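Here's the letter readout for the chains.
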Amino acid sequence: MRKRMIWLGVALLCAASLCACDKQEEAQVETPAEIEVAPTEKPAAQDGKYKDGVYTAGRRGYAGDVVVTATIADDKIVELQIEGAEETKGVGSVAIERMRDRLLEAQFGSVDVVSGATVTSEAIKLALADILAKAAY
């Protein structure tokens with residue numbers, strides 16, 4: 001009786017793995033047809049590196065989400081708003097203020113994180129990187 005139960009278990013595992021393989025193959029076949037690829041070339045009339053506009057991205061900070069909104073015009077960050085209401089007062093909140101100033105000054109250059117608020121600072125930098133990826137030609 002025990003051997004039959006073992007063989008039955010093995011047979012069920014084999015059947016389940018075959019079913020899973022079939023579904024996985026179907027998903028792989030259907031996915032490429034659904035994806036639409038945008039052109040990657042920059043329009044000839046545009047001289048800049050970034051498209052003008054207002055862009056928003058968010059990342060997980062230390063205590064909650066950090067949301068960055070950047071206004072880009074003429075290949076410059078002209079306005080930068082950073083929100084992180086759940087970040088620790090006196091630590092993450094200070095990082096938000098300092099990172100805003102540092103990023104506006106450096107524009108698209110690299111900046112150091114705020115000591116003691118590394119997680120919040122990195123979340124801000126990653127959100128801005130996401131924005132620049134969206135805005136890039």
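Worth saying up front: this structure is predicted, and the values here are computed from it rather than measured.

Conventions we followed
- Residues numbered from 1 in each chain as written.
- Predicted model: local features only at pLDDT ≥ 70, side-chain atom pairs only at ≥ 80, totals over all residues.
- Heavy atoms only, no water.
- Helix = DSSP H or I, 4+ residues; strand = E, 2+ residues; numbered from the N terminus.
- Buried < 20%, exposed > 50% of the residue type's maximum accessible area, 1.4 Å probe, protein only.
- Contact = heavy atoms within 4.5 Å.
- Axes fitted to C-alpha atoms, helices over the stretch in contact; angles between N-to-C directions.
- Parallel < 35°, antiparallel > 145°, perpendicular 65-115°, else oblique.
- Left-handed = near helix turned anticlockwise from the far one by under 90°.
- Phe/Tyr/Trp six-rings, centres within 6.5 Å; stacked < 30°, edge-to-face > 60°.
- Pairing = 2+ DSSP bridges.

Draft legend 1. Examining the environment of Asp-112 more closely. Counting through the fold element by element, Asp-112 comes out in the loop between α2 (92-106) and α3 (118-135). On the accessibility criterion, Asp-112 (61% relative accessible area) is exposed. Along the chain, Asp-112 and Met-99 lie 13 residues apart, while their C-alpha atoms are 8.5 Å from each other. Leave out the neighbours within four places in its chain, and Asp-112 touches Met-99 and Arg-102.

Draft legend 2. Quick look at the packing of α2 against α3. Relative orientation of the contacting elements α2 and α3 amounts to 40°, with a least axis distance of 9 Å. In terms of orientation, α2 lies oblique with respect to α3. Judged by the twist between their axes, the crossing of α2 over α3 is right-handed. In contact with Gly-92, Ala-95, Ile-96, Met-99 and Leu-103 of α2, α3 contributes Thr-120, Ser-121, Ile-124, Lys-125 and Leu-128.

Draft legend 3. Broad picture of the packing of aromatic side chains. For the coordinates displayed, the defined rule picks out one aromatic pair. Considering the side-chain rings of Tyr-50 and Phe-108, the 4.6 Å spacing of their centres and the 20° angle between planes classify their relative orientation as stacked. Taken together, the residues span a long stretch of sequence, with Tyr-50 in the loop between α1 (2-34) and β1 (53-60) and Phe-108 in the loop between α2 and α3 at a distance of 58 residues. Classification of Tyr-50 as buried rests on a relative accessible area of 9%. Given a relative accessible area of 30%, Phe-108 falls into the partly exposed group.

Draft legend 4. Summary view of the sheet that holds strand β3 (residues 76-83). If you trace the three strands from one edge of the open sheet to the other, you get β1-β2-β3, paired in antiparallel fashion. For this open sheet the edge positions go to β1 and β3, each flanked by a neighbour on one side alone. Neighbouring strand axes in the sheet, compared pairwise and without regard to direction, differ in orientation by 20° on average. Direction of pairing for strand β2 (residues 65-73) relative to β3: antiparallel, over a ladder of seven bridges. Within the sheet, the bridge partner assigned to Ala-73 lies in β3 and is Lys-76. Each of β1, β2 and β3 is contacted by α3, which is oriented at about 140° to β1, the strand it contacts most.

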